[in-house]
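For reference, the chains in residue letters:
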Amino acid sequence: MAKTNPGRFFEDYRLGEVIDHAVPRTVGEGERALYHALYPARHALYSSDVFAAECGLEGSPLDDLAAFHVVFGKTVPDISLNAVANLGYAEGRWLRPVYPGDTLRSVSEVIGLKQNSNGKSGVVWVRTTGLNQMDEPVLSYVRWVMVRKNDTDAPAPETVVPDLKPALDAADLAVPEGLDFTGYDFALAGEAHRCGDYAVGEVIDHVDGVTIEEAEHMIATRLWQNTAKVHFDATFRPDGQRLIYGGHVISMARALSFNGLANAQMIAGLNGGAHANPCFAGLTVKAWSEVLDKAETPAPGVGAIRLRLVATSDGSVGELKGADGKYRPGVLLDLDYWALMPV
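Since the structure is predicted, the reported quantities are computational estimates derived from the model, not experimental observations.

**Description of the overall build of the protein chain**
Looking only at helices and strands, the protein chain has 8 helices and 11 strands in total. Computed over its C-alpha atoms, the radius of gyration of the protein chain comes to 20 Å, within 12% of the 20 Å expected for a compact globule of 343 residues. Overall, the C-alpha framework of the protein chain stretches about 60 × 50 × 40 Å when taken along its three principal axes. Each of the 343 residues in the protein chain was classed as buried or not, and the buried ones make up 55%. Contacts spanning at least 24 positions in sequence make up 78% of the contacts within the protein chain whose residues lie at least 6 apart. Element-wise, carbon and sulfur atoms account for 52% of the exposed surface of the protein chain, whose accessible area totals about 14100 Å². Counting 30 positive and 44 negative side-chain charges, the protein chain places the centres of these two groups 7 Å from one another.

**Observations regarding empty space enclosed by the protein**
Per the stated rule, a full pass over the model turns up 3 cavities of 30 Å³ or more. Of the pockets and cavities examined, the largest cavity occupies roughly 130 Å³. Along the walls of the largest cavity sit 17 residues, with Asp-64, Trp-94, Arg-96, Pro-97 and Ile-267 positioned nearest its centre. When contributions to the lining of the largest cavity are tallied by element, the ones reaching two or more residues are α3 (64-79), β6 (137-148) and β8 (266-274). Counting residues per element, the lining of the largest cavity draws most heavily on β8, at 3 residues. Each residue belonging to the lining of the largest cavity can be placed in one class, and the counts come to 14 nonpolar, no polar and 3 charged. Here the second largest cavity defines a volume of roughly 90 Å³. Looking at the second largest cavity, the residues that line it are Tyr-35, Ala-41, His-43, Tyr-46, Asp-63, Asp-64, Leu-65, Ser-251, Arg-254, Ala-255 and Ile-267. Broken down by secondary-structure element, the contributors of at least two residues to the lining of the second largest cavity are α3 and α7 (246-256). Residue contributions to the lining of the second largest cavity peak at 3 residues, all from α7.

**A look at helix α1 (residues 29-38)**
Along α1, the residues classified as buried are Glu-31, Arg-32, Tyr-35 and Leu-38. Viewed end-on, α1 has its buried residues packed into an arc of 135°, placing them on one side of the element. Buried residues along α1 sit in contact with β2 (25-26), α3, α5 (214-223) and α7.

So, how was this worked out
Just so you know, the residues in each chain are numbered from 1, in the order the chain's sequence is written. Side-chain atom pairs in this predicted model are given and counted only at pLDDT of 80 or more, local residue features only at pLDDT of at least 70, and totals for whole chains, interfaces and linings cover all residues. Computation of side-chain values covers all heavy atoms of the structure but excludes hydrogens and water. Strands are runs of DSSP state E lasting at least two residues, helices are runs of H or I lasting at least four, and both sets are numbered from the N terminus onward. Radius of gyration means the value over C-alpha atoms here, while the globule rule gives 2.2 Å times the residue count to the 0.38 power. Working definition: with a 1.4 Å probe on protein chains only, accessible area under 20% of the residue-type maximum means buried, over 50% means exposed, and in between means partly exposed. In what follows, a contact means two residues having at least one pair of non-hydrogen atoms within 4.5 Å. Note on areas: these come from Shrake-Rupley sampling with a 1.4 Å probe, and a residue is covered only by the protein chains present in the view. When charges are tallied, Lys and Arg are placed among the positive residues and Asp and Glu among the negative ones, while His and the ends of the chain are skipped. For this purpose, a charge sits on NZ of Lys, CZ of Arg, CG of Asp or CD of Glu. Using a 1 Å grid laid over the protein atoms alone, points where a 1.4 Å probe fits but cannot get out form a cavity; open sets with protein on both sides within 12 Å along at least 5 of 7 lines form a pocket; any residue with an atom within 4 Å of a point counts as lining. Grid points are joined across faces, edges and corners, and a volume is the space filled by probe spheres set on the points. In this count, Pro and Cys sit with the nonpolar residues alongside Ala, Val, Leu, Ile, Met, Phe, Trp and Tyr, while Asp, Glu, Lys and Arg are called charged and the others, Gly among them, polar. Throughout, the arc means the angular range of directions from the helix axis out to the C-beta atoms.

This is the structure:
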């Protein structure tokens, strides 16, 4: 009997199946340091225990996206080891801050299946929950992945496409207990702009760019224990290129958005996301954001701002799709999320 794990193929998934993912991971200050080394991340709440404490938290949490990557990475051997591509996200909610010393594990439920018309692959929808050492949920999201079939003669499952919210309502967001921005220090945060200074429809050019390096991508993908073959094995794709992990692009774009959105401190919700075009080493990532909505929260001094974050490889700003309705070739990422910001 084979001892190794070849990964699951499309025909191996069953609707309603619950998968407990290996291996739990205790996170620490090392993850924070590496995250800030890999990306130009400098939001104050994730950089300073003192700043975070003055905002009502017990200390500086791990960056929201670092927590996401750890939870996501646990799922890869069971969900996307044989993936063709990660297609999208929905209904993402950050439920509790993750602090150094917390131990995270992941559980996924298969909520949708649809075989592609070519009969060689299919789309799998899963809802993943990240739990801490007290079995408290810290993060939940839906993603869908195109996965190869191993046996093309295997019968197609009944098609079930989950009914997902196009966007979370502000009332769906979980504001961390104790968060209070009434005494927020704008000077230390880096910018003076508060939620009321942004207008719905406003587009912000984040100006800066970072050229993606193979070495940093490899460090990042190993850091999150993401074992997807497309990221490591140059023989796995016909073009011989290693695909940059989509989460690497998300974190890079989010870090770049500091310039213009320094006070969009905490990611609270993920409404949707698409990796519009593949990213490879050598491309230079730039980013722009569009303000989609704003809302109040019950926390003192805390507002919510809904943003579209777009990463590009051509430096264009405000241009997303062509006349044919498809993403332009220079668009790498289209991410719709809620962030918490002082009012």
